[in-house]
Every structure is written in structure tokens, then in C-alpha cells.
Amino acid sequence: MGNATLPYTGTNGAVLRAAIVYLVTGFATFLAMGLLGFVMRLDHAGILVISADWFYRLMTLHGAGMIAAILLAALGGLCAVLSQRVRLSARALWIAFVAYMTGMGLVILATLLGRFAGGWTVLHPLPFEGRTWSLAAALAVYGGYLFTALGLLIVCVAVLRATTTAHGGLAGALALRYLVAPRSRPSTDLPHPAELIATVTAIDGVLASVAGLVYLVPLFAQAAGIVSAVDALFAKNFVLLFGHTMANLSIYVAAGIVYATLPHYTGRPWKTTWPVVFAWDLVIVLMLINYSHHLYQDFAQPLALQLLGQLGSYVVGLPSFIVTIVGALALIYGSGLRWSVPSILIVLGIWGWVFGGLGAVLDATLPVNQVMHNTMWVPAHFHTYYILGAAAFAWAYLYHLLADLSGVPDGRGSRLAAWLYGVGAAGFVVMFFVAGAHSVPRRYAVHLPEWQIFARVAVPFVGLLALALAWLAVDMLARLRPAWRRTGVTVV
Amino acid sequence: MNPRLVFWVLLALGAVWTTVWAFVLLRSRAGPAFEVIEPAENRLRLRLLFTFGLILLVTFALSLRAYPYSSFRTRALGAPADSVRVMAMQWGWSLSRDTVPARVPVAFVVESKDVNHGFAIYTPDGALLTQVQAMPGYTNRLIYRFDRTGTYTVRCLEYCGIFHHFMLTKFIVR
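Visitor: How would you sum up the overall build of chain A? Please name residues and give values.
Guide: When helices and strands are counted, chain A shows 15 helices and 0 strands. Taken over the C-alpha trace, chain A has a radius of gyration of 22 Å; the compact-globule value for 492 residues is 23 Å, and the two agree within 12%. Within chain A, the proportion of its 492 residues that are buried is 67%. Counting only contacts in chain A whose residues sit at least 6 apart along the sequence, the fraction spanning at least 24 positions is 84%. Surface summary for chain A: the accessible area is close to 15500 Å², and the carbon and sulfur share equals 70%. Once the 25 positive and 14 negative side-chain charges of chain A are each reduced to a mean point, those two points are 11 Å apart.

Now the structure itself:
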């Protein structure tokens, strides 16, 4: 296991096929959920008015669906990368996929047919007190989350099994010996950064899924009448530990893909250096504690956790920026970067990850959070590092994989579409920030006339984003069949 | 804290970052060998770590003074001279009084009858001033001193069901 960039000839075909299904399903779901987001933004603009009932149902589905879709695509990309170097179980990936999709299906049914509109965060006890939906619909959503968490758990266990087997245990997969004594082992024995990141994110994925499963137990018990009520603060901590970590996982998993993909376009390897190992091993802990910045306004939360939330949210940005972002920029600088759809999406993703991160760090500062919490500033920052971060990285890899497998390179129009993706997405998210600065609340079906201007300016940018995505989707669809055929053979 | 100021801070930081990003992209044509760049990258990392670490540490220390929790606000503003009991419910607010005094600390004692709500106070010109969660089973105390008289709006900022956006009330500061 060396530090060379990852080629994907020699791929285990069965794993690669499962990975492509993850990526394509994630992309298709992203498009569908994006359409729901567009409808909500049109409603905010006063251009297309929908009922509050439908608005909140679509909002719930959009939130849950987007998180699931982007994570699924990112996991698919990482599994495709891993399949070059470690033995992943294709069967485990398919079982996880069935569980994950069952979960997504239940959420779709609950929102579209069961009228569930409790928000993707399902803040307890709202699902039990919805007034417009039944307990059965709430239980369908909980069941959906149960299956999704199970799916995530299965993928993470499969990844952990593969990386630890390849590197002689967890300590090897995390390069712990190298971390403690950098001169004791030659760097050629180290896991590739993508393998290291896969191990780190899989550990947190296991912990997040277990938190999700633990969280569901008392809720099912309440639904069955075994307990009378579940503590609201306990529930909030657990649902955010599960949900926020799941959302965070997307960006970190997607970053793992960048470590493997960017070298193809710069011609420079991304090495497993000591800072890379230190930063990513640290992420295991940091990713689990920063969720609590969502509870700053819950004054009942112990002060120590609030302080930890702010410090943790600050510190978690450092390894990402100083190691991954600076590392990526160093890889690009003077490299003779080959401009292509994947490399364009990656550089856009690098920009968005940092810009969204700046918005997040500001919001994680408690006095700022006092005037920004649950305003449009919150969707602003996570939409930025989703659309112009995790999702951009995942689509970059999907395009890269399909183009390489099919042997059909991109054209000038596709590269232009990739840049337009950036312009559309940036305009769209900046208007969220502007609305947040004007104290516009998030999760409001009806916007005051003076608030509508922000959505009205955003709408043309969303249109541009949709056009760019449609172009790239058609482009990828044309490459899908020949690419799929190539996965039927294993080329060593 | 003024939300508009936060936005300008973001824009300023974003402009610096965008300049760095664009500079690297403009210099992405073939240049010095990676072996030349690598040592400079490591030095840069260390400098960034110390610079950002220090900035964040100072920001953290300064932010403590403006924490919204009762003990911090009491220390900053003095003990509350008046209080208002607030009950949140789907989908309305019940305030024990509709006028509060200006220029003295007031404690809002916030509870919820049913689900989580967000008790958020907006200025007469529509800016978010301060907020606290209203949680079932918990009592949260929000202390604030109003320096301007006028009619303030209370909005719910925690999604609480399909009439969430209608959940507002007003009170007068005089």
C-alpha cells in the first residue's frame, strides 16, 4: 500500500457496480430533492404559492432526502476509490443499499401520503404532536431513520473491516504508530489518505448510527405506551448527534474522494504525511462534539457542553483547512492542472467548503448565534458546503469515473456547465446569507413581502444551477451504459 | 450583536479567501516542481495553525463576555428589575404582561406547554435582537435590557408544526 494516486483499472467490478449505483442514486435523488427546494424558494419569492401543509411536508422530505442522497453518493465514491486497494464486500454494500433505500422510501411515504411535516430533525415531541399527521406517519419516519441508520452502519462496518484487514488492525488503518513515532516506519507502509479518511469516517459513522438507533428506542417505547414521555433535551442531543454527524460525514467522506481524484488532474501525488494523519485522526473526536452548537439557545444545556460546543466548532475547522484545503491548493499551484469537469467541480468545492465554513464558524460563536440561530443564515452555511462542497466533490468523482470508464472525455459545453454550476450555486447561497443578515427566519412557509426580495434574487441563480445540473446529468447519462459495461471485467 | 455586521465580516473574510483561491487557480499552470513547493507548504501550515489558533482563542475569550445565559447577562447588566412569564404553545404566545420597562434588565421566564418553540424578540424595525428556546419540561430565563422604546415582535424560531410561521405576538417597551 503506497502513496501513489489511485488508478481505477484493476477495480473489483462488483464493488464498483455497487458504488456506481450509490453515486447515480444519490445524484438522481439530489436532483429530485433539489426540485422540491426550488418549489420552496419560489414560494418564498411569492411566485408559486403552495399551502403551508404542503410546504412543510416538502421541507421535511427535502431535508431528510438531501442528507441521505449526498451521503449515499459520497459513500459510493469512497467505496469506488477503496475498491482499488482493499477488499470491500460487494454483498455488504448491496444489503446496506436495500436498507438505506427502504428507509428513504418510508420517509417519502410518510411525507407525501402520511402528511408528515415534522421537519427532518424530528425534534421531540413534535412528531407526536403534529395535529395534521397521525402517529403512524411519525412512526414511519422513525422506521425510515432506523433503516437508514442500519444501512449506514453496514457500510461503515464493511469499510472498517476492509481497511483494518489491509493494514493489520485499526491502529494500522489509522496510522497510529506513525503518528506517535513518525520516524519508526517507512511511509510506503502507510494507508493512502483515502483509506485513512475512510477509516476515520467509518468510525464516526458507526457511532452516529448507534446514537440514532439508541435515540429511537425510547421514542418507540413512548409510542407503545411503555414510557409516558421522553426528555426533550435528551432527545435533542441525540437526534443532533445522529443527524448533524450524518450531515458532517458527507463532507468528510467526500473530502476522502478528493484526496484520490485531484492527483489525476494535477499529476502530483497526495501523500500520507504526518499532518494528514494527525488532522484526520483528530477529526474522529472533533466531528462528534461540534453538533452541540445547535443547542446554544437551549439554556438548560449544561454550560460546559456549550463551551465545548463553541471550542469544538472552532477547532474542527482547523485540520480541514490547514491540512486538506492548504494541501489541495499546494497540489494545484504550479501543477499544470488539467481543466476538466471533475477538476472544475473540485476547485468549486474547495471554495464552497471554506466559504460555508466561515459562515459556520461565525454562527458557532455564541453571541453571533444569538442573532443568527434559526434564521436563513443556518441553511446558508450548510447549503454552501453541501452544494459547493460535498455534492460538488461527489459529482466530480461520478463524472470522473464515468468519463474514464467509458473513455468519452468532456467537451467545452460540459466544462462551461460545471462553471455555471458554481455561479448558480454561489448566487443561490449568498442570498440565503443576505436573508439571514436581515433576520429572516428559516422554516417559514409564508414570507413577509419585505423578505421576498431575497428569494426573488435567488430564483434566477437556482434556474442557472438547474440548467447546469441538467446538462451534466445528460452528459453523465450518455456515459453510464459504456461505463457500466466496463465494470463487468476486472482489468489488472 | 448586529446581524448586518456579521454579514460584512463574512464578506470581508470571504473576499480574502476568494482572492487566495483565485490566485492559486491563476498560478495553476505548470510551474515549480512539487518538491520545491512541499517545504513551503509545511511552513505555511505551521504559520496558519498558530495564526488561526490565536485568532480563534482570542475570539473565544472575547465572546464569553457576551454570552446570553442568565449568570453572564446578570453580570453584564445587573440583576433583573422586572420579569415577564412567557408560555409557548402551538401556535401562540401567552405573555404575563404586554408592556415592559425600558433601560432596566428584564427577565423573560420562558416555558412550553407542548413542543419545542423558539422565543425570539425582533426590534420595531425587524432585526432579531435576542432569543431562547422554549422547551417542554424546562424553564429558560432570558435576561435583556431594552435601550429603545417601541413595539417589539415575538416570533417563533423553532419549527413547531404547520402554523409555525403564524406564531407571533407583540409587546411594548416604554
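Visitor: So what's going on with the interface of chain B and chain A? Residues and values would help.
Guide: Residue-level contacts link 73 residues of chain B with 88 residues of chain A. Buried surface at the junction of chain B and chain A, summed over both partners, amounts to about 7100 Å²; 71% is from carbon and sulfur atoms. At the junction of chain B with chain A, the criterion picks out 2 salt bridges. The closest approach of N and O atoms between E38(B) and K271(A), which form a salt bridge, is 3.6 Å.

Visitor: Quick rundown of the sheet that holds strand β3 (residues 99–100) of chain B? Include the residues and the values.
Guide: Spatially, β3-β9-β8-β5-β6 (chain B) is the arrangement adopted by the 5 strands of the open sheet, whose pairing is mixed. Only two strands of the sheet have a single neighbouring strand rather than two, namely β3 and β6 (128–134) of chain B.

Visitor: Give me the lowdown on the packing of helix α11 (residues 341–363) of chain A against helix α1 (residues 3–26) of chain B, citing residues and values where you can.
Guide: Remark: α11(A) packs on α1(B), axes separated minimally by 10 Å, with the N-to-C direction vectors making an angle of 155°. As far as their axial angle goes, α1(B) and α11(A) are roughly antiparallel. In this structure, the crossing between α11(A) and α1(B) has a hand that is right-handed. Residue-level contacts link V347(A), L348(A), I350(A), W351(A), V354(A), F355(A), L358(A), G359(A) and L362(A) of α11(A) to V6(B), V9(B), L10(B), L13(B), G14(B), W17(B), T18(B), W21(B) and L25(B) of α1(B). Split into classes, the residues belonging to the contact of α11(A) with α1(B) amount to 15 nonpolar, 3 polar and no charged.

Visitor: Residue-level account of helix α14 (residues 412–437) of chain A, with values.
Guide: Because each turn of an α-helix spans 3.6 residues, side chains separated by three or four positions in sequence point in the same direction. With 26 residues, α14(A) should cover 38 Å at 1.5 Å per step; its first-to-last C-alpha distance of 38 Å lies within 8% of that length. The positive-phi residue at the C-terminal boundary of α14(A) is S439(A), with phi of around 65°.

Visitor: How would you sum up the side chain of N248(A)? Please name residues and give values.
Guide: By the secondary structure assignment, N248(A) is in helix α8 (residues 232–266). Judged by relative accessible area, which is 8%, N248(A) ranks as buried.

Visitor: If you had to explain the sheet that holds strand β7 (residues 140–145) of chain B to someone new, which residues and values would you point to?
Guide: Residues and elements named next belong to chain B. Spatially, β2-β1-β4-β7 is the arrangement adopted by the 4 strands of the open sheet, whose pairing is mixed. Only two strands of the sheet have a single neighbouring strand rather than two, namely β2 (92–95) and β7. The sheet shows a mean angle of 25° between the axes of neighbouring strands, direction not considered. On the sheet, helix α3 (residues 70–77) packs against β4 (105–112) and β7 and is oriented at approximately 20° with respect to β7.

Visitor: Give me the lowdown on the environment of P193(A), citing residues and values where you can.
Guide: By the element assignment, P193(A) lies in helix α7 (residues 193–223). The spatial distance from the C-alpha of P193(A) to the C-alpha of V217(A) is 36 Å, given a sequence separation of 24 residues.

Visitor: A description of α11(A) should follow, citing residues and the corresponding values.
Guide: The terminal C-alpha atoms of α11(A) lie 32 Å apart, and with 23 residues this matches the ideal 33 Å at 1.5 Å per residue to within 8%. Across the 23 residues that make up α11(A), a large majority, 20, are buried.

Visitor: I'd like a rundown of the confidence of the model for chain B, residues and numbers included.
Guide: In this model, chain B carries an average pLDDT of 95, and 100% of its residues clear a pLDDT of 70 or more. If you check the scores for this complex, the pTM reads 0.94 and the ipTM reads 0.95.

Visitor: Tell me about the packing of aromatic side chains, and please be specific about residues and values.
Guide: One pass over the structure, following the stated rule, counts 42 aromatic pairs over all chains. Between F321(A) and W17(B), the ring centres sit 6.1 Å apart and the planes meet at 75°, which makes this aromatic pair edge-to-face. Of the two residues, F321(A) sits in helix α10 (residues 303–332) while W17(B) sits in helix α1, which places them in two different chains. These aromatic residues form a ring-pair network of at least three members: W93(B), F108(B), F119(B), Y144(B), F146(B), Y152(B) and F171(B). For R131(A), the ring lying beneath its charged end belongs to W91(B), and the centroid distance is 5.1 Å. Looking at R155(B), its charged tip hangs above the ring of Y122(B), at a distance of 5.1 Å from the centre.

Visitor: Describe in detail the packing of helix α2 (residues 52–82) of chain A against helix α13 (residues 377–406) of chain A, supporting the description with residues and values.
Guide: All names here are of chain A. Across the interface, α2 lies against α13 with an axial gap of 10 Å and an inter-helix angle of 40°. Comparing the axis directions of α2 and α13 gives the class oblique. When you trace α2 past α13, the crossing you get is left-handed. Of the residues in α13, those touching α2 at H62, I67, I70, A73, A74, G77, A80 and V81 are H383, Y386, A390, A391, A394, W395, Y397 and L401. Per-class residue counts for the contact of α2 with α13 are 13 nonpolar, 3 polar and no charged.

Visitor: Talk me through the pattern of salt bridges; I want residue IDs and the actual numbers.
Guide: Here the structure, examined in full by the defined rule, presents 13 salt bridges over all chains. Because the salt bridges share partners, they merge into one network encompassing D53(A), R57(A) and R115(A).

Visitor: With reference to specific residues and values, describe a nonpolar patch on the surface.
Guide: A grouping of W54(A), I108(A), L109(A), L112(A) and L113(A) is seen on the molecular surface, where their side chains present a nonpolar patch of about 460 Å² in accessible area. The greatest single-element share of the nonpolar patch, amounting to 3 residues, is contributed by helix α3 (residues 90–112) of chain A.

Rules used throughout
- Residues numbered from 1 in each chain as written.
- Chains lettered and ligands numbered in written order.
- Predicted model: local features only at pLDDT ≥ 70, side-chain atom pairs only at ≥ 80, totals over all residues.
- Heavy atoms only, no water.
- Helix = DSSP H or I, 4+ residues; strand = E, 2+ residues; numbered from the N terminus.
- Rg over C-alpha atoms; globule rule 2.2 N^0.38 Å.
- Buried < 20%, exposed > 50% of the residue type's maximum accessible area, 1.4 Å probe, protein only.
- Contact = heavy atoms within 4.5 Å.
- Areas by Shrake-Rupley, 256 points an atom, 1.4 Å probe, with all protein chains shown as cover.
- Lys, Arg positive; Asp, Glu negative; His and termini not counted.
- Charge placed at Lys NZ, Arg CZ, Asp CG, Glu CD.
- Buried area = accessible area lost by both parts, 1.4 Å probe.
- Salt bridge = Lys/Arg side-chain N within 4 Å of Asp/Glu carboxyl O.
- Pairing = 2+ DSSP bridges.
- Axes fitted to C-alpha atoms, helices over the stretch in contact; angles between N-to-C directions.
- Parallel < 35°, antiparallel > 145°, perpendicular 65-115°, else oblique.
- Left-handed = near helix turned anticlockwise from the far one by under 90°.
- Nonpolar A, V, L, I, M, F, W, Y, C, P; charged D, E, K, R; others polar.
- Expected span 1.5 Å × (residues − 1).
- pLDDT = per-residue confidence, 0-100.
- Phe/Tyr/Trp six-rings, centres within 6.5 Å; stacked < 30°, edge-to-face > 60°.
- Lys NZ or Arg CZ within 6 Å of the ring centre and 35° of its normal.
- Patch = residues over 30% accessible without salt bridge, like charges linked within 9 Å, V, L, I, M, F, W, Y side chains within 5 Å.

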